[in-house]
Amino acid sequence: MSDNTPLQRPRRGPNPWLAEQVELLLSKHPEEELRARYQEAQKENERLKWETFLCSVALKEALVREPVLATKRQDMDLPESLIKWLSYNQVEVLIDLVQFPEEWLNGISGLTEEERATLRAYVVRLGYPPRSTDKPVYLHCLPEYHRPHDEAVWHIEKLTKQAEETLEEGSGDYDTQLEKAVALYEEAVAYAQTHDCDLSCYERLVRGYAGLLINHWQFGDDFIEAAEKYILLDIDLATQVYGPRHIAVGEAHRKAGEYYYDLEQWSSAAWHYLDSADITRSLRGMCSDLVDDLQLAAHCYDQLDDHRMALELLLNVYESCQGTPFNEELYLSGICYDIAQQYRALGNERKALEFLDLVE
């Protein structure tokens, strides 16, 4: 292989349990028979792939052999918290769950170790211990079991699109348009809570609605209260979907910081900016977003008259920015000025002048 040959992403295959079902299918039916059935299936879906066809047929035969695999989520002998988690992750029937490899169960977010052990014990008790694999794999779901979920997601996306289009209309009274958009989002949220909506879809919905409310908090107390409710809900949902150290969680904290900053709720704003900074630092290192988070948090502490904390944050930024390639002079000049202001507030005029001399 030439050194210039581009690296290709490993092709995903069916998960270990499903791969075994496909092998069983191929051992029981001549390929000529399966190919003929595949050609018939293509008449209804010309884009149907051979691998997808095999997975679907293998799953249907497994359901005939082992009817327990058709156990619906709500009928599983599991705690309500796990039933809810399965709903959020689009597990409709047992045949979805038994496809989870061991590595997926170990790495999924939103579960405690005790809940993870309970889920594993449940599938083991039914005779479907999680299989292990070091390869990228996929799950295959049968549409007849997932249609209610897909329809729910489609309806939610339809409502949110209508809300966005309502706000983009160039004519009419804006207050009326905003009221209609909020009503559509509220309808979408209520629908998501009462229908088969997965957690990632719900999180996207909440994030979009929170963004709308944040951008219009000046319209009154109702917007302020609702914005706070959905901002904090988005942080919680993003943590469940992506895990506590994901960039999406950091972005949700940053958005919350901006919201509380605008309302001059300095303590809450600082807390969220620092959470955003902590996640950003761990994932991206020193970067402009991290600088912004720490500077804004420092400003919050300045407003709270906690000048020592503000100074500590700013000095941390100053030291970390040394030698960074992004807008060095611009950042360092502004940071030096802010540091000088904090030293002056603490009565240290000598240090204040020292940093003012660094301002360009």
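What comes next concerns the included structure. (Residues numbered from 1 in each chain as written. Predicted model: local features only at pLDDT ≥ 70, side-chain atom pairs only at ≥ 80, totals over all residues. Heavy atoms only, no water.)

## Section: the overall build of the chain
Phase 1 of the analysis: A tally of helices and strands in the chain yields 17 helices and 2 strands.
Phase 2 of the analysis: A compact globule built from 360 residues should have a C-alpha radius of gyration of about 21 Å, whereas the chain, at 27 Å, is more than 25% larger.
Phase 3 of the analysis: Referenced to the eigenvectors of the C-alpha coordinate spread, the extents of the chain come out at roughly 90 × 60 × 45 Å.
Phase 4 of the analysis: Within the chain, buried positions represent 44% of all 360 residues.
Phase 5 of the analysis: Within the chain, counting contacts between residues at least 6 apart in sequence, those at least 24 apart form 63% of the total.
Phase 6 of the analysis: With the model as given, the accessible surface of the chain reaches about 19800 Å², and the carbon-plus-sulfur share is 49%.
Phase 7 of the analysis: Across the chain, the 35 positively charged side chains and the 66 negatively charged ones have centroids separated by 8 Å. (Helix = DSSP H or I, 4+ residues; strand = E, 2+ residues; numbered from the N terminus. Rg over C-alpha atoms; globule rule 2.2 N^0.38 Å. Buried < 20%, exposed > 50% of the residue type's maximum accessible area, 1.4 Å probe, protein only. Contact = heavy atoms within 4.5 Å. Areas by Shrake-Rupley, 256 points an atom, 1.4 Å probe, with all protein chains shown as cover. Lys, Arg positive; Asp, Glu negative; His and termini not counted. Charge placed at Lys NZ, Arg CZ, Asp CG, Glu CD.)

## Section: the packing of helix H10 (residues 199–214) against helix H11 (residues 221–242)
Phase 1 of the analysis: Look at H10 against H11: their axes get within 8 Å of each other, and the N-to-C directions meet at 150°. In terms of their interaxial angle, H10 and H11 are classed as roughly antiparallel. Considering only the axes of H10 and H11, their crossing is left-handed. In this structure, H10 uses Leu-199, Ser-200, Tyr-202, Glu-203, Val-206, Arg-207, Tyr-209, Ala-210, Leu-213 and Ile-214 to contact H11, whose residues at the interface are Phe-223, Ala-226, Ala-227, Tyr-230, Ile-231, Leu-233, Asp-234, Leu-237, Ala-238, Gln-240, Val-241 and Tyr-242.
Phase 2 of the analysis: A breakdown of the residues in the contact of H10 with H11 according to their chemical character gives 17 nonpolar, 2 polar and 3 charged. (Axes fitted to C-alpha atoms, helices over the stretch in contact; angles between N-to-C directions. Parallel < 35°, antiparallel > 145°, perpendicular 65-115°, else oblique. Left-handed = near helix turned anticlockwise from the far one by under 90°. Nonpolar A, V, L, I, M, F, W, Y, C, P; charged D, E, K, R; others polar.)

## Some points on the packing of aromatic side chains
Phase 1 of the analysis: One pass over the full model with this rule turns up 14 aromatic pairs.
Phase 2 of the analysis: Ring geometry for Tyr-38 against Phe-53: centres 5.5 Å apart, planes inclined by 50°, an arrangement best described as tilted. Of this pair, Tyr-38 sits in helix H2 (residues 31–44) while Phe-53 sits in helix H3 (residues 50–65), and the two are 15 residues apart along the sequence.
Phase 3 of the analysis: The exposure class of Tyr-38 is buried, given its relative accessible area of 11%.
Phase 4 of the analysis: Ring geometry for Trp-50 versus Phe-53: centroids 5.9 Å apart, planes at 25°, classification stacked. Here the residue Trp-50 and the residue Phe-53 both occupy positions in helix H3, the gap between them amounting to 3 residues, near one helical turn.
Phase 5 of the analysis: Residue classification places Phe-53 among the buried residues on the basis of a relative accessible area of 7%.
Phase 6 of the analysis: Directly above the aromatic system of Trp-50 lies the positively charged group of Arg-35, at a separation of 3.7 Å from the ring centroid. (Phe/Tyr/Trp six-rings, centres within 6.5 Å; stacked < 30°, edge-to-face > 60°. Lys NZ or Arg CZ within 6 Å of the ring centre and 35° of its normal.)

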